[in-house]
Amino acid sequence: MNSFQTVGVIGKRRDPQVAPTVLALCQELQGLQRRVIVERDSAELAQVPADLERGTRQELAQRCDLVVVVGGDGTLLSVARDMAPAGVPILGVHQGRLGFMVDVRPEDMRTTLRAVFDGEYLREERLLLSSRVIHDGVAGPAQLAINDVVVRNMASIRMLEFETWLDDDFISQHRADGFIVSSPTGSTAYALSGGGPVLHPALEAISLVPICPHTLSDRPIVVGARQRVGIVLRGSSGVEAMCTCDGQTNQRLLPGDRIEVSCADARLSLIHPKSYRYFDILRNKLHWGRGPGAEPMPR
């Protein structure tokens, strides 16, 4: 199988620790007779050979069959917002902290690449979120989120007042530090810290998680991904809040603003080694079942 002929390489920005891995990755891809295009900032950081092609992320999205990301989950989230609309799959090489989504170790990079190019891999499509802010009846541009859309207070000592809707159905009024609308991918991120459930990535669902609600009965709920979530900010003119996508893009909110979140048309396409198992990741990263008897019984 002759797959993924043009491969993009993107490393974590401004992190010299990823430079040796980026350079080794480029050399390995060249040895495997692939056309390599390196993101400009990554090429400069890793000092890759001058004969290698360089490009912006937008150019990589248009020209590559596969993009390999070197870094942590934050780097992959940032790259995914550029690659997902173009349908470019991503393979993550783990050189960060948690590594829920970047699951290839640098020492396994060569073996994994050879297997992937031979067609030995798993391809996973994940649901993404699309959000927009409506101010004075005018809708702003749509923003893509892989993990979550978060409404949070800009004043740390005050609660927000807001109401939530599902399509045209009123859910509730809330007083809380904020609100998380999470995809299944994001259910193991901020939403999990807020007491939300873990959603399997194959689910067509979205979780709604209040952040430190004033009323203890204000609990997380799970809704269908094809429904539109609305959040309307209330309160006095002095209230200021922020709408954040994946903790990386921010937009200021004022009382009366409405945030609408729905399932995006684009999907995130991830390439995994054949050995990838979702629950292995959860057990390792969340330390499930540690202690005597933690290993499963043989079948």
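Each remark here, short or long, concerns the structure printed above.
How each quantity is defined
- Residues numbered from 1 in each chain as written.
- Predicted model: local features only at pLDDT ≥ 70, side-chain atom pairs only at ≥ 80, totals over all residues.
- Heavy atoms only, no water.
- Helix = DSSP H or I, 4+ residues; strand = E, 2+ residues; numbered from the N terminus.
- Rg over C-alpha atoms; globule rule 2.2 N^0.38 Å.
- Buried < 20%, exposed > 50% of the residue type's maximum accessible area, 1.4 Å probe, protein only.
- Contact = heavy atoms within 4.5 Å.
- Core = buried A, V, L, I, M, F, W, Y, C linked by side-chain atoms within 4.5 Å.
- Salt bridge = Lys/Arg side-chain N within 4 Å of Asp/Glu carboxyl O.
- Phe/Tyr/Trp six-rings, centres within 6.5 Å; stacked < 30°, edge-to-face > 60°.
- Lys NZ or Arg CZ within 6 Å of the ring centre and 35° of its normal.
- Pairing = 2+ DSSP bridges.
- Axes fitted to C-alpha atoms, helices over the stretch in contact; angles between N-to-C directions.
- Arc of directions from axis to C-beta.
- Polar contact = N/O pair within 3.5 Å; in protein donor to acceptor, adjacent residues only side chain to side chain.

## Considerations on the overall build of the chain
Line of reasoning, step 1. Each helix and strand counted, the chain has seven helices and 18 strands in total.
Line of reasoning, step 2. Relative to the compact-globule value of 19 Å for 299 residues, the chain shows a C-alpha radius of gyration of 21 Å, a close match.
Line of reasoning, step 3. Taken over the C-alpha atoms alone, the chain extends approximately 60 × 50 × 35 Å along its principal axes.
Line of reasoning, step 4. Here the chain holds 299 residues, and 51% of them are scored as buried.
Line of reasoning, step 5. Taking contacts inside the chain between residues at least 6 apart in sequence as the whole, the part at least 24 apart equals 66%.

## Thoughts on the nonpolar core
Within soluble globular proteins, side chains that are nonpolar tend to cluster in buried spots.
Line of reasoning, step 1. In this structure, Val67, Met83, Ile90, Met101, Leu128 and Leu268 are the most contacted members of the largest nonpolar core, which totals 29 residues.
Line of reasoning, step 2. Those elements that place two or more of their residues in this core are helix H3 (57-63), strand S4 (66-71), helix H4 (73-83), strand S18 (258-272) and helix H7 (278-286).
Line of reasoning, step 3. Excluding anything up to four places from it in sequence, valine 67 contacts Gly8, Ile10, Val79, Met83, Val88, Pro89, Ile90 and Leu91.
Line of reasoning, step 4. Counting 28 residues, the second largest nonpolar core, distinct from the first, contains Leu29, Leu66, Val70 and Val104.

## Considering the environment of methionine 109
Line of reasoning, step 1. With respect to the helices and strands, the residue methionine 109 is situated in helix H5 (residues 109-117).
Line of reasoning, step 2. Considering only alpha carbons, one finds methionine 109 and glycine 92, 17 residues apart in sequence, at a separation of 9.7 Å.
Line of reasoning, step 3. Look past the residues within four positions of methionine 109 in its chain and what remains in contact with it is Thr21, Ala24, Leu25, Val93 and Val104.

## Structural notes on the pattern of salt bridges
Line of reasoning, step 1. A full pass over the atoms with the stated rule returns 24 salt bridges.
Line of reasoning, step 2. For arginine 110, the salt bridge identified is with glutamate 28, shortest N-O distance 2.9 Å. With arginine 110 in helix H5 and glutamate 28 in helix H1 (residues 19-31), this residue pair connects regions lying 82 residues apart in the sequence.
Line of reasoning, step 3. Residue classification places glutamate 28 among the buried residues on the basis of a relative accessible area of 9%.
Line of reasoning, step 4. In this structure, glutamate 204 engages arginine 267 in a salt bridge whose closest nitrogen and oxygen atoms are separated by 2.9 Å.

## Points about the packing of aromatic side chains
Line of reasoning, step 1. Considering all chains together, one arrives at four aromatic pairs under this definition.
Line of reasoning, step 2. Ring geometry for phenylalanine 4 versus tyrosine 121: centroids 5.6 Å apart, planes at 45°, classification tilted. Of this pair, phenylalanine 4 sits in the segment before strand S1 (6-11) while tyrosine 121 sits in the loop between H5 and strand S6 (122-135), and the two are 117 residues apart along the sequence.
Line of reasoning, step 3. Exposure remark for phenylalanine 4: the relative accessible area of 10% places this residue in the buried category.
Line of reasoning, step 4. Considering the side-chain rings of tryptophan 165 and phenylalanine 170, the 5.3 Å spacing of their centres and the 65° angle between planes classify their relative orientation as edge-to-face.
Line of reasoning, step 5. One cation-aromatic arrangement involves arginine 34 over phenylalanine 117; the distance from NZ or CZ to the ring centre is 4.1 Å.

## Things to note about the sheet that holds strand S13 (residues 205-211)
Line of reasoning, step 1. Spatial strand order, S14-S13-S12-S9-S16-S17: six strands in an open sheet with antiparallel pairing. Strand pairing shows two members of the sheet lacking a second neighbour, strand S14 (221-224) and strand S17 (249-253), which therefore form its edges. For this sheet, the mean inter-axis angle between neighbouring strands, taken without regard to orientation, is 20°.
Line of reasoning, step 2. Both strand S9 (residues 148-153) and strand S16 (residues 241-245) contribute to a ladder of five bridges, which runs antiparallel. Counted as the bridge partner of arginine 152 is methionine 242 from S16.

## Section: H7
Line of reasoning, step 1. Those residues of H7 that sit buried are Tyr278, Ile281 and Leu282. Seen along its axis, H7 keeps its buried residues to an arc of 100°; they face one direction.
Line of reasoning, step 2. Buried residues in H7 make contact with S6.

## Quick word on the side chain of asparagine 153
Line of reasoning, step 1. If you trace the backbone, asparagine 153 turns up in strand S9.
Line of reasoning, step 2. Asparagine 153 gets classed as buried once you look at its relative accessible area, which sits at 13%.
Line of reasoning, step 3. Here the side chain of asparagine 153 touches arginine 158 through a polar contact of 2.5 Å, landing on its backbone oxygen.
Line of reasoning, step 4. Once residues within four sequence positions are removed from consideration, asparagine 153 is found in contact with Arg158, Met159, Leu160, Asp177, Glu240 and Ala241.

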